[in-house]
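Take a look at the letters that make up each chain.
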Amino acid sequence: MPPTPPLTSRRALVGAVSGLTLAVAAGCDVDDLRAPATASSTGPATTAPEPSEEADRALVDDVVAAIAGVRTQVAAATDPALSTLTTSLVSLHDAHLGMLSSDGSSTPSASATPPAPPDRAQVRRAESGLQGRLATAAGRAGNAELAQLLASMSAAVAQQVELLAGSVR
Amino acid sequence: MSAPDQVSALQQALAAEHAAVYVYGVLGGQTSASSQARLYAAVDAAFTQHRLRRDRLVDLLVDLLPEGQQPVGPEAGYDLPDQLGTTAAVSSVARGVEAASATAYAAVVAATQGTTRTWAVTALTDAAVRGLGFGSEPEQLPGLG
């Protein structure tokens, strides 16, 4: 165990234990990343979106599809022992989908064929895969706020994966 | 994102890591390896991880800062509750440390790119998960709440 440093004086935790926790607001508006869906036929010529904006829109579309896919899979779980966790996961994914969708909607697209009910290990694998995809997307995002949002979503899914592993609760 | 933003975010994360290393050092001294074995192991692991992250941040900043400027150093001391003799008290302080860490690394994610951002994403995730071990509730957006 590390040695205990001497408490030579008692000063405020500078920007740490209490201070930093109130610093960042969560409101990243993904609409800022999206170009208008249609251009006015009478207006001025449309400006092509910056390459990074296009890449970010594609990134968001991919992430939304990934979250929706895992959400559908998790929602199909029927094991009563998983019900609390899967309810939390579906709620989390709905919240994330709402943050990422252009209209605030959290409704995933319907699956053509309902997936087979997953067991705990399958849910955990799916969530772990999603967590990795979100982390990778955070690394690739051109927009700083989008990167931050995706990184935080990845961390949120990682917390759920940890709960699924049963190692902390 | 600008270079000053990057440096500022990294300096704030370093300040948070200095505090974390200090606080976990104190918490380790308040935790029994025999009667609180699980908590002791968690505190010990957290101390080690935060020390590694602190050292990495110093390295990053040394590379980024112009000559004559230095990475921020630790404070002489940090405020802690007077009573730290219980599992609940130790866990509560640890939750605060991890929440502060997650917030600091979320800011680093926004201010950096490439391998440094990837590293910060991992650090944010680690802090969020480690907080669970000390009794934090899972969140929709760790580090941004």
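Placed above this text is the structure.
Residues numbered from 1 in each chain as written. Chains lettered and ligands numbered in written order. Predicted model: local features only at pLDDT ≥ 70, side-chain atom pairs only at ≥ 80, totals over all residues. Heavy atoms only, no water.

All names here are of chain B. Here helix 3 (residues 87-111) crosses helix 4 (residues 114-133) at 160°, and the two axes come no closer than 8 Å. Judged by the angle between their axes, helix 3 and helix 4 are roughly antiparallel. Of the two possible hands of crossing, helix 3 and helix 4 adopt the one that is left-handed. Note on element contacts: helix 4 touches helix 3 through R117, W119, A120, V121, A123, L124, A127, R130 and G131, opposite R95, E98, S101, A102, Y105, A106, V108 and V109. In terms of residue class, the contact of helix 3 with helix 4 is built from 11 nonpolar, two polar and four charged. (Axes fitted to C-alpha atoms, helices over the stretch in contact; angles between N-to-C directions. Helix = DSSP H or I, 4+ residues; strand = E, 2+ residues; numbered from the N terminus. Parallel < 35°, antiparallel > 145°, perpendicular 65-115°, else oblique. Left-handed = near helix turned anticlockwise from the far one by under 90°. Contact = heavy atoms within 4.5 Å. Nonpolar A, V, L, I, M, F, W, Y, C, P; charged D, E, K, R; others polar.)

Counting 61 residues, the largest nonpolar core has L100(A), L134(A), L150(A) and Y105(B) as its most contacted members. Those elements that place two or more of their residues in this core are helix 1 (51-75), helix 2 (83-100), helix 3 (120-140) and helix 4 (144-165) of chain A together with helix 1 (3-29), helix 2 (37-64), helix 3 and helix 4 of chain B. Per-element tally for this core: the top contributor is helix 4 of chain A, with 12 residues. With residues up to four places along the chain from it excluded, the contact list for L150(A) reads L59(A), V63(A), L100(A), L134(A), A137(A), A138(A) and A141(A). The next biggest cluster of nonpolar side chains, apart from the first, holds 21 residues, and it includes Y22(B), V23(B), V43(B) and L80(B). (Core = buried A, V, L, I, M, F, W, Y, C linked by side-chain atoms within 4.5 Å. Buried < 20%, exposed > 50% of the residue type's maximum accessible area, 1.4 Å probe, protein only.)

Another aspect to go through is the layout of surface pockets. If you roll a probe as big as a water molecule over the atoms, it shows you where there is empty space left. Residues and elements named next belong to chain B. Computed from the structure, the second largest pocket encloses a volume of approximately 200 Å³. Lining the second largest pocket are 16 residues; nearest its centre among them are R95, E98, A99, S136 and E139. For the lining of the second largest pocket, the secondary structure elements donating two or more residues are helix 3 and helix 4. No other element matches helix 3, which puts five residues into the lining of the second largest pocket. (1 Å grid on protein atoms, 1.4 Å probe; cavity = no way out; pocket = protein on both sides within 12 Å on 5 of 7 lines; lining within 4 Å. Points joined across faces, edges and corners; volume = space filled by probe spheres on them.)

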